[in-house]
Amino acid sequence: DSVAQGRRIKCRLCTKVLKKIQALAGDDPDESAVQAALQKGCRALGRAVGKRCQQLVSKYREQISEGLQNGDLPQDICAAIGLCSS
């Protein structure tokens, strides 16, 4: 089923992107650390994934930033924004 497959791909992308951003933001990041990591994280993933990463980040910036500052896991943040099933 292509819808389920598309959702799995989005979920994997979201989780991969957030793991990268979380690593760049460090432990217990503040908003500016998260914002810097959001910008660097997409570039670090290469051109093809980076473009999708940019779209994801611009669409869900608030939720991603808040989740990372709260110490939420990438999988949980992606589930919260509807890209992964919880």
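The structure we're discussing is the one just above.
Residues numbered from 1 in each chain as written. Predicted model: local features only at pLDDT ≥ 70, side-chain atom pairs only at ≥ 80, totals over all residues. Heavy atoms only, no water.

Right, let's get into the overall build of the protein chain. A tally of regular secondary structure across the protein chain gives four helices and zero strands. Scanning the protein chain from its N terminus toward the C terminus, one meets helices and strands in the order α-α-α-α. Its C-alpha atoms give the protein chain a radius of gyration of 12 Å, within 12% of the compact-globule value 12 Å for 86 residues. Counting only C-alpha atoms and orienting by the principal axes, one finds that the protein chain spans roughly 40 × 30 × 20 Å. Classification of the 86 residues of the protein chain by burial places 35% in the buried group. When contacts within the protein chain are restricted to residue pairs at least 6 apart in sequence, long-range pairs at least 24 apart make up 58% of them. (Helix = DSSP H or I, 4+ residues; strand = E, 2+ residues; numbered from the N terminus. Rg over C-alpha atoms; globule rule 2.2 N^0.38 Å. Buried < 20%, exposed > 50% of the residue type's maximum accessible area, 1.4 Å probe, protein only. Contact = heavy atoms within 4.5 Å.)

It is worth spelling out the nonpolar core at this point. Core analysis: the biggest nonpolar cluster contains 23 residues, and Cys14, Val17, Leu18, Ile21 and Ile64 have the highest contact counts within it. Of all the elements, helix α1 (residues 2-25) adds the most residues to this core, at seven residues. Sequence-distant contacts of Cys14, defined by excluding residues within four places in its chain, comprise Leu56, Cys78, Ile81 and Leu83. (Core = buried A, V, L, I, M, F, W, Y, C linked by side-chain atoms within 4.5 Å.)

On the surface, a cluster of positive charge is made up of Arg7, Lys10, Arg52 and Lys59. For the positive patch, the secondary structure elements donating two or more residues are α1 and α3 (47-69). Of note, Arg7 is situated in helix α1. (Patch = residues over 30% accessible without salt bridge, like charges linked within 9 Å, V, L, I, M, F, W, Y side chains within 5 Å. Areas by Shrake-Rupley, 256 points an atom, 1.4 Å probe, with all protein chains shown as cover. Salt bridge = Lys/Arg side-chain N within 4 Å of Asp/Glu carboxyl O. Lys, Arg positive; Asp, Glu negative; His and termini not counted. Charge placed at Lys NZ, Arg CZ, Asp CG, Glu CD.)

A few words now on unusual backbone geometry. Even without being glycine, Asp28 reaches a positive phi, approximately 55 degrees. Topologically, Asp28 is positioned in the loop between α1 and α2 (31-44). With a relative accessible area of 72%, Asp28 lands in the exposed category.

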